[in-house]
Amino acid sequence: MDKVNPRCCGLDVHKDSVWACARIDGSQSIEKFGTTTRELLRLGDWLRCSGVTIVAMESTGVYWKPVWNLLEDRLRLMLVNAHHIKQVPGRKTDVKDCQWIAELLEHGLLKASFVPARPQRELRDLTRQRTQLLSDRSRVVNRLQKTLEDANIKLASVASDITGKSGRAILDALIVGKLSPEQMAELVHKKMEAKKPVLREALQGNVTDHHRFMLRTLLKQIDDLDQMIGSFDARIEEVMSPLERESVKRLDEVPGFDRRTGQNVIAEIGTDMTRFATPGHLASWSGLCPGNNESAGKRKSGRTAKANRWLKAALTQAAWGASRTRRSYFCAQHRRLTTRRGVKRATTAVAHSLLVTTHCLLCDQRPYSDLGVSYFDSRESPEQKAQHLIRKLQRLGYNVEATRNAA
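Conventions used here
Residues numbered from 1 in each chain as written. Predicted model: local features only at pLDDT ≥ 70, side-chain atom pairs only at ≥ 80, totals over all residues. Heavy atoms only, no water. Helix = DSSP H or I, 4+ residues; strand = E, 2+ residues; numbered from the N terminus. Rg over C-alpha atoms; globule rule 2.2 N^0.38 Å. Buried < 20%, exposed > 50% of the residue type's maximum accessible area, 1.4 Å probe, protein only. Areas by Shrake-Rupley, 256 points an atom, 1.4 Å probe, with all protein chains shown as cover. Core = buried A, V, L, I, M, F, W, Y, C linked by side-chain atoms within 4.5 Å. Contact = heavy atoms within 4.5 Å. Phe/Tyr/Trp six-rings, centres within 6.5 Å; stacked < 30°, edge-to-face > 60°. Pairing = 2+ DSSP bridges. Axes fitted to C-alpha atoms, helices over the stretch in contact; angles between N-to-C directions. Patch = residues over 30% accessible without salt bridge, like charges linked within 9 Å, V, L, I, M, F, W, Y side chains within 5 Å. Salt bridge = Lys/Arg side-chain N within 4 Å of Asp/Glu carboxyl O. Lys, Arg positive; Asp, Glu negative; His and termini not counted. Charge placed at Lys NZ, Arg CZ, Asp CG, Glu CD. Polar contact = N/O pair within 3.5 Å; in protein donor to acceptor, adjacent residues only side chain to side chain. Expected span 1.5 Å × (residues − 1). Disulfide = S-S within 2.5 Å.

A.B. asks: Give me the overall build of the protein: which residues, what numbers.
C.D. replies: When you go through the protein residue by residue, the secondary structure sums to 16 helices and 7 strands. Relative to the compact-globule value of 22 Å for 407 residues, the protein shows a C-alpha radius of gyration of 29 Å, a clear excess of over 25%. The buried share of the protein, reckoned over its 407 residues, is 40%. Per element, the accessible surface of the protein, about 24,000 Å² overall, is 50% carbon and sulfur.

A.B. asks: Residues and numbers for the nonpolar core, please.
C.D. replies: Judged by nonpolar contacts, the single largest core of 65 residues is most densely connected at Leu155, Leu174, Leu315 and Leu354. The leading source of residues in this core is helix α8 (residues 209–239), at 8 residues. Contacts of leucine 354, omitting those with residues within four sequence positions, involve Val254, Pro255, Phe257, Leu315, Ala318, Ala319, Ala322 and Phe330. In this structure, Val18, Leu40, Val55 and Leu77 belong to the second largest nonpolar core, which totals 23 residues.

A.B. asks: Summarise the packing of aromatic side chains; cite the residues concerned and give the values.
C.D. replies: With the rule as written, the count across this model stands at 9 aromatic pairs. Here the aromatic rings of tyrosine 329 and phenylalanine 330 are separated by 5.4 Å at their centres, their planes lie at 75°, and the arrangement is edge-to-face. The residues tyrosine 329 and phenylalanine 330 share a single accessibility class, namely buried. Between tyrosine 329 and tyrosine 375, the aromatic rings sit 5.5 Å apart at their centres with planes inclined by 75°, giving edge-to-face as the arrangement. Of this pair, tyrosine 329 sits in helix α13 (residues 329–341) while tyrosine 375 sits in helix α15 (residues 375–378), and the two are 46 residues apart along the sequence.

A.B. asks: Residue-level account of the sheet that holds strand β3 (residues 27–33), with values.
C.D. replies: Ordered in space as β3-β2-β1-β4-β5, the 5 strands form an open sheet in which the pairing is mixed. The open sheet has two edge strands, β3 and β5 (76–80), and neither has a second partner. Here the strands of the sheet are splayed against their neighbours by 20° on average, with no regard to which way each runs. As defined by bridge partners, strand β4 (residues 54–58) adjoins β5 across 5 bridges and the pair is classed as parallel. From the neighbouring strand, isoleucine 54 faces β5, where its bridge partner is arginine 76. Contacts from helix α1 (residues 37–50) reach β1 (7–13), β2 (18–24), β3 and β4 within the one sheet, and its direction differs from that of β3 by about 170°. Across the sheet, helix α3 (residues 94–106) lies against β1, β2, β3, β4 and β5, angled at about 145° from β1, the strand it touches most.

A.B. asks: Describe in detail the environment of isoleucine 175, supporting the description with residues and values.
C.D. replies: By secondary structure assignment, the location of isoleucine 175 is in helix α5 (residues 165–176). Overall, the relative accessible area of 14% leaves isoleucine 175 in the buried class. With 140 residues separating them along the chain, isoleucine 175 and leucine 315 place their C-alpha atoms 39 Å apart.

A.B. asks: So, a positive patch on the surface: which residues are in play, and what are the values?
C.D. replies: Taken together, the side chains of Arg336, Arg340, Arg341, Arg345 and Arg379 present a region of like positive charge at the surface. Of all the elements, α13 adds the most residues to the positive patch, at 3 residues. With a relative accessible area of 57%, arginine 340 lands in the exposed category.

A.B. asks: Tell me about the side chain of arginine 128, and please be specific about residues and values.
C.D. replies: When you line up the elements, arginine 128 lands in helix α4 (residues 118–150). Polar side-chain contacts of arginine 128 include one of 2.8 Å to the side chain of glutamate 268. If we ignore the near neighbours within four places in the chain, the residues touching arginine 128 are Glu268, Asn308 and Trp310.

A.B. asks: For unusual backbone geometry, give the residues involved together with the corresponding values.
C.D. replies: Positive phi outside glycine occurs at aspartate 25, with the angle close to 50°. Here aspartate 25 is to be found in the loop between β2 and β3. Of note, the phi angle at asparagine 152 is positive, near 60°, even though the residue is not glycine. Tracing the chain through its elements places asparagine 152 in the loop between α4 and α5. What makes asparagine 152 partly exposed here is its relative accessible area of 41%.

A.B. asks: So what's going on with α1? Residues and values would help.
C.D. replies: Its 14 residues place the ends of α1 20 Å apart at the C-alpha level, agreeing with the 20 Å of an ideal helix rising 1.5 Å per residue. Of the surrounding secondary structure, the elements contacted by the buried residues of α1 are β1, β2, β3, β4 and α2 (64–71).

A.B. asks: Tell me about the state of the cysteines, residues and numbers included.
C.D. replies: The tally for this structure, following the rule as stated, stands at 0 disulfides. In this structure cysteine 363 is a free cysteine whose sulfur lies 6.9 Å from that of cysteine 360, the closest cysteine sulfur available. By relative accessible area, which is 39% here, cysteine 363 ends up partly exposed.

Pasting the structure below:
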């Protein structure tokens, strides 16, 4: 085979060690380095002295990141998917791993993964940490609800958000323990005026000092998380470039998207869509397209691939919101697919459509225009619609004879 990269190196990165195999014009040398800053800088000096021009490494957890951050300004680096370079079973050691990576790189058999520039990587860290904090807040709210159930307070059966303005006023009153259920029901917002009779009944419970202590502690934890989430929101707005802010504003017009979802998507894929040739390439990279697995004429499992879980989670959540947006194309698409494929597959399909829409909006730099809820109906001819309705009535047990009106 031709040698595409005659002066290359393969790295097998671990938590406390890095094995390096440098291949220079057919000969190879192997060295072991630590993962401290001094050791990684020594690795960079060794690679430069050896004449290496390109380095490849596996995406092993988060251990590859320090190596990348310290060497990206000195050498040409390539991050590859570990699934694509699996060694022959039964022949695996750290030394053989780095040799195998170097050999594949020498012959040009590795495909580089997408690693964004440092500013976008830092934005990713912020948005992902904020997502984790929001998940933590949801878990604390669930614990709060369990405490209320233990005290037989049915606040969640009346209020949609127990940590909202009305719910928080009632929780503070429960912690103090001086107001009756009738008095606590008067603390709610005027929009809940019609629910006051039910609320008085729901607040009849057995709240003890133990419950008050638990509620007080959990509410303090929620306040701390809200403060941290607010600080991350401010920091994300601060580090985003003007082009990224404009892209988030454009995505905010799409059904299902809000500002945070737009920020999460931009942090994962960036604003430069030239790295993804088509929307299909972007969907494949993000794991939001059906799997391609066929052998001997038989179609096997078509489940989506394991890819960027942060992007998939953000788009799936946006798809669920878009499917609830009335008079929109995504609502019609979700309703159309749910009857045939089920709710989960329909939600994934809507998430795929949202990603394709995102690619188009970022490429063309134009505002969003919805296709409308009647888009799918307009693609069918009147005869096709009539035949579909006739078959539907026949499945229900009716004998149908239809004639076309001349007018």
